[in-house]
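Take a look at the letters that make up each chain.
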Amino acid sequence: LTFLGIESSCDDTAAAVVRHAPGAPAEILSSVVDGQTALHAAFGGVVPEIAARAHAERLDLCVEQALAESGLRFGDLDGIAVTAGPGLIGGVLSGVMCAKGIAAGTGLPLVGVNHLAGHALTPRLTDGLAFPYLMLLVSGGHCQFLLVRGVEEFTRLGGSIDDAPGEAFDKTAKLLGLPQPGGPVVEVEAKAGNPRRFAFPRPMLDRPGCDMSFSGLKTALLRARDALISAQGGLTRQDRADLCAGFQAAVADVLAEKTRRALALVRDETATPVLAVAGGVAANGAIRAGLQAVCAAAGARFLAPPLRLCTDNAAMIAWAGIERFRAGARDGMALSARPRWPLDKTSPALIGFGK
Ligand code: ATP
Ligand code: FE
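Small disclaimer: the values here were computed from a predicted structure and weren't measured.

Asks: For the sheet that holds strand S4 (residues 79-85), give the residues involved together with the corresponding values.
Replies: As summarised here, the arrangement of the five strands in space is S3-S2-S1-S4-S5, forming an open sheet in which the pairing is mixed. Strands at the two margins of the open sheet, each flanked by one partner only, are strand S3 (27-35) and strand S5 (110-114). Across this sheet, the average inter-strand angle for adjacent strands is 20°, counted without regard to direction. Relative to S5, S4 runs parallel, the two sharing five bridges.

See the structure below:
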């Protein structure tokens, strides 16, 4: 099967062509990602109206480019997959309208994909991972542990009850006068810092289960920063590095400990223990090292797809579309865009929740 994938739920306009024959590894024939970071830079965050307009303007070109790079034409495809949510509704609508237009014009089947399912199924695209497996999705907008049981069967084991870690990294950068996106910059600063100089909390480690909280870290950072400013009139480079290192170590510790618990929770459910990660925050070296250590101690495999497939892209949408299509999904013109769409809505009873 060969599918065109379309993604426009946040600030990346993306199109990709993926081919898969059963028994063989999947092939990404093309994957175009047109980011909007520069468009939103002046506003300190993604502006929904600007994002929607940019998606509407760029989608056709992205699709054209993805097709050209794959060397295929619409007639060579078996279907079209598009992110139908969750996300900024204007962007999601732009993508769904574009996909419907192509489907109407070509007669190709149209399959809607949950953006989070796209991330969660990526280890099957890259490594052919078999169900069920444990997944940690950790990005700018999301933070959750999922037991992925099937194409449409996800059990949420826990996650952040407030900010996503990527959001916390971005806010940390903002508070310290560093540029956006904050994650990579904070990581670089932290390399020169002492993680023990400031006492950052490890929120919710005293509570059972896999839920997490990251908004308190931002408050701790703000307090430490303001104390330094009132004591010495500003921040030195070393202060900044130490604050970044302390913050990053706290996030890494919380994610590692909660991952240890998640692995233990699903131990009896998964044949070969594995932790798959996705999301931009999984690029962080310190966080990755913490997760790898926990996996090594638990005898679990650590699987991180290449970064370009960990962050938002359309190859994961094309892939999830192929998987849903094989499972019988055909959405067609009835497909609607959904701003909210929890992944575990259709999942069976939660297992071991809160244990
Ligand atoms: P979502 O996909 O959940 O809607 P998103 O598009 O913001 O959210 P991604 O593109 O997966 O998420 O990741 C971007 C986030 O990852 C940003 O918040 C960014 O700061 C963070 N990030 C990127 N690199 C690093 C890093 N090295 N360390 C920590 N965080 C990072
Ligand atoms: Fe995403």
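Asks: Residues and numbers for the UniProt feature "binding site: Fe cation" (unreviewed entry) in the protein, please.
Replies: As annotated in UniProt, the feature "binding site: Fe cation" (unreviewed entry) corresponds to His 115, His 119 and Asp 312 in the numbering used here. Across 198 residues of sequence, these annotated residues stay compact in space, with a maximum C-alpha separation of 8.8 Å. Its location among the elements puts His 115 in helix H4 (residues 115-127). His 115 sits in the buried class, given 26 other C-beta atoms within 10 Å. Setting aside its immediate chain neighbours within four residues, His 115 contacts Ser 9, Thr 83, Gly 85, Pro 86 and Gly 87. Within the element layout of this structure, Asp 312 appears in the loop between helix H10 (307-310) and helix H11 (315-326). Classification of Asp 312 as buried rests on a count of 28 C-beta atoms within 10 Å. Ignoring anything within four residues of it in the chain, the contact list for Asp 312 reads Glu 7, Cys 10, Asp 12 and Ala 14.

Asks: Pulling in residues and values, what's your account of the site of ligand 1?
Replies: Around ligand 1, the structure places 20 residues, and the nearest of them are Gly 140, Gly 141, Gly 166, Gly 183 and Gly 280. Those elements that place two or more of their residues in the shell around ligand 1 are helix H5 (165-175) and helix H6 (182-190). When residues in the shell around ligand 1 are grouped by element, the largest group, four residues, is from H6.

Asks: How would you explain the UniProt feature "domain: Gcp-like" (unreviewed entry) in the protein if you had to name every residue and give the values?
Replies: Per the UniProt entry, the sites bearing "domain: Gcp-like" (unreviewed entry) are residues 27-319 in this numbering. Along residues 27-319 the backbone is 51% helical and 17% strand, and the end-to-end C-alpha distance reaches 10 Å.

Asks: How would you explain the confidence of the model for the protein if you had to name every residue and give the values?
Replies: Of the residues in the protein, 97% have a pLDDT of 70 or more, and the chain-wide mean is 93. Contacts of residues 346-355 to residues separated by more than four positions or lying in other chains number 13 contacts, the stretch itself having pLDDT below 50. Taken together, the chains of this predicted complex give a pTM of 0.92 and an interface ipTM of 0.97.

Asks: Break down the packing of H6 against helix H8 (residues 237-266) for me, with residues and values.
Replies: Between H6 and H8, whose axes approach to 7 Å, the crossing angle comes to 110°. When the interaxial angle is binned, H6 and H8 end up roughly perpendicular. Handedness of the crossing formed by H6 with H8: left-handed. Counted together, Val 186, Glu 187, Glu 189 and Ala 190 of H6 and Arg 240, Ala 241, Cys 244, Ala 245, Phe 247 and Gln 248 of H8 form the full contact between these two elements.

Definitions and limits used
Residues numbered from 1 in each chain as written. Chains lettered and ligands numbered in written order. Predicted model: local features only at pLDDT ≥ 70, side-chain atom pairs only at ≥ 80, totals over all residues. Pairing = 2+ DSSP bridges. Helix = DSSP H or I, 4+ residues; strand = E, 2+ residues; numbered from the N terminus. Axes fitted to C-alpha atoms, helices over the stretch in contact; angles between N-to-C directions. UniProt positions renumbered as here; feature names shortened; annotations may be inferred. Buried ≥ 20, exposed ≤ 12 C-beta atoms within 10 Å, placed from the backbone. Contact = placed C-beta atoms within 7 Å. Near = placed C-beta within 6 Å. pLDDT = per-residue confidence, 0-100. Parallel < 35°, antiparallel > 145°, perpendicular 65-115°, else oblique. Left-handed = near helix turned anticlockwise from the far one by under 90°.

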